[in-house]
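# A structural walkthrough
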Amino acid sequence: MKQHTAVVVGAGFIGPVHVEALRRAGVHVAGILGSSPEKSQAVAERLGLPQGYRDFAAVLADREVDVVHLTTPNRFHFEQASAVLRAGKHVLCEKPLAMNSRETAELVALAQQSGLAAGVAYNIRFYPLCHEAAARISGQVAGSGTGRVFHVTGSYVQDWLLNDTDFNWRVLAADGGELRAVADIGTHWLDLVQFILQQKVVAVCADLHTVHPVRQAPLGSVETFTGGGQPPSAVRSVPITTDDYGSILLRFADGARGVVSVSQVAAGRKNCLRFEIASAAESLAWDSERPNELWIGRRDRPNELLLRDPALLSAAARGITDYPGGHNEGFPDTFKQLFKAFYGYLDAGDFSLPPPFPTFADGHHEVVLCEAVLRSHRERRWVALEEIEK
């Protein structure tokens, strides 16, 4: 891989995850930008980075930097991603790509006009056994993929917002968007399943629920996934309109059906994404909390449990597997593999080829999906995505 220089914008939970994975992927990280010059410097020192940038303008002005990673709150994504592209730098943005489909459509057009690489960090695609599932569905593995997919079921559940004293910027519509659980984690499930099936969701029927219509916000900032301790002593009551839970019926372009449930108030489930795909040939099931196992179900012969071992995987899955069987790979490795795909694409230099990572077009589709989900919930009916895109 050629030498690239990246900057991470955003110093909360996911920013340092990007820094670590970039280093493991062999990318030089010039520094990080936090919410203030002081925080930038403190986080840079903690992570052993060359510098903490004073502001976003300083990032854009740094001629040594050719890629910017955006890990900031959702409301900043559109403005920042636009500025990065206009500054002539490649961009990899955390999801959602922007706050609405008007903004994401504009970003897709801007990325196409710029001739630069523009990706969205749907990292869960990059568990090796998720690539294995995609290879089996597409028929790249002998004996699999010989029939159409009937349906897919699954869930993505967490518990970090279980109590009404759990609070974070993500629960606020002004900061994260009108959808929260569905947009924050549900889109990971949706992106993953559409990647595996190579079929887009074309219509949805959704039911959403806000378990805590009022939350107790601490008088100070709270980072993601830092709940579980003693409730703060000084709080203020804040009305909440975003979803804690959602259940969505799905129709795919090829006629397959699906259903997914999403929750951030499921006690004991820390970060659990599950899917089960039923096809004419076999069924496939995977659980992100047991990411090195893929269950393969059959009618006329014994079921199998495929362990992540590069010697046993398809070429696609083997290409994002770095360790031998029995040496587990997990959440941090998905970011490393995503970044290897993104920067490898930069190195290849042929942007006419299909990108091996989630693009701004994928990010746009997910936001359109979210808007269809929200309309479906409010109007109590099926909503086709083409209604949103008119």
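Residue positions are given per chain, counting from 1 as you read along its sequence in written order. pLDDT decides what is reported in this predicted model: residues at 70 or higher carry local features, side-chain atom pairs at 80 or more are listed and counted, and totals for whole chains, interfaces and linings draw on all residues regardless. Heavy atoms from the whole structure form the basis of all side-chain values; hydrogens and water molecules are not counted.

## Notes on the overall build of the protein chain
Numbering of helices and strands starts at the N terminus; helices are DSSP runs of H or I of at least 4 residues and strands are runs of E of at least 2. The number of helices and strands found in the protein chain is 12 helices and 17 strands. Rg of the C-alpha trace for the protein chain: 21 Å, near the compact-globule value of 21 Å for 390 residues, within the 12% margin. A principal-axis box enclosing the C-alpha atoms of the protein chain has dimensions of 65 × 50 × 45 Å. A 1.4 Å probe rolled over the protein chains alone gives each residue an accessible area, and that area as a share of the maximum for its type sets the label: buried under 20%, exposed over 50%, partly exposed in between. With 390 residues in all, the protein chain has 56% of them scored as buried. Considering only intrachain contacts with a sequence separation of at least 6, the fraction spanning at least 24 residues in the protein chain is 68%. Accessible surface is estimated by sampling points in the Shrake-Rupley manner with a 1.4 Å probe; for residues, cover comes only from the protein chains shown. About 16500 Å² of surface is accessible on the protein chain, with carbon and sulfur atoms providing 51% of the total. For the purpose of charge, His is not counted, nor are the chain termini; Lys and Arg are scored as positive and Asp and Glu as negative. The atom standing in for a charge is NZ when the residue is Lys, CZ when it is Arg, CG when it is Asp and CD when it is Glu. Distance between charge centroids for the protein chain: 2 Å, based on 38 positive and 44 negative side chains. As a reference, a globule follows 2.2 Å times the number of residues to the power 0.38, and the radius of gyration itself is taken over C-alpha atoms. We call two residues in contact whenever any of their non-hydrogen atoms come within 4.5 Å of each other.

## Structural notes on the pairing of strand E5 (residues 90-93)
Residues His90 and Leu92 point to one face of E5 and Val91 and Cys93 to the other, with burial holding for every one of them. Two strands are said to pair when DSSP picks up at least two bridges between them. Inspection of the sheet shows strand E4 (residues 67-70) paired to E5 by 4 bridges, in the parallel sense. Note that in E5 the partner of valine 67 across the bridge is histidine 90. Look down the strands so they point away from you; if going from the first strand over the helix to the second traces a clockwise path, that crossover is right-handed. Following the chain from E4 across helix H4 (residues 77-86) to the adjacent parallel E5, one finds a crossover that is right-handed. In terms of strand pairing, E5 meets strand E6 (residues 118-120) through 3 bridges, oriented parallel. Bridge pairing in E6 links cysteine 93 to valine 120.

## Some remarks on unusual backbone geometry
Trans peptide bonds make up the majority, and among non-glycine residues the majority have a negative phi. Residue proline 96 is reached from lysine 95 by a cis peptide bond, and omega for that bond is -10°. With respect to the element layout, proline 96 can be found in the loop between E5 and helix H5 (101-114). The backbone of glutamine 198 shows a phi angle near 55°, a positive value even though the residue is not glycine. Looking at the secondary structure, you find glutamine 198 in the loop between helix H8 (181-197) and strand E8 (201-209). Note on glutamine 198: relative accessible area 57%, which makes it exposed. At arginine 380, a position not held by glycine, the phi torsion is positive, near 55°.

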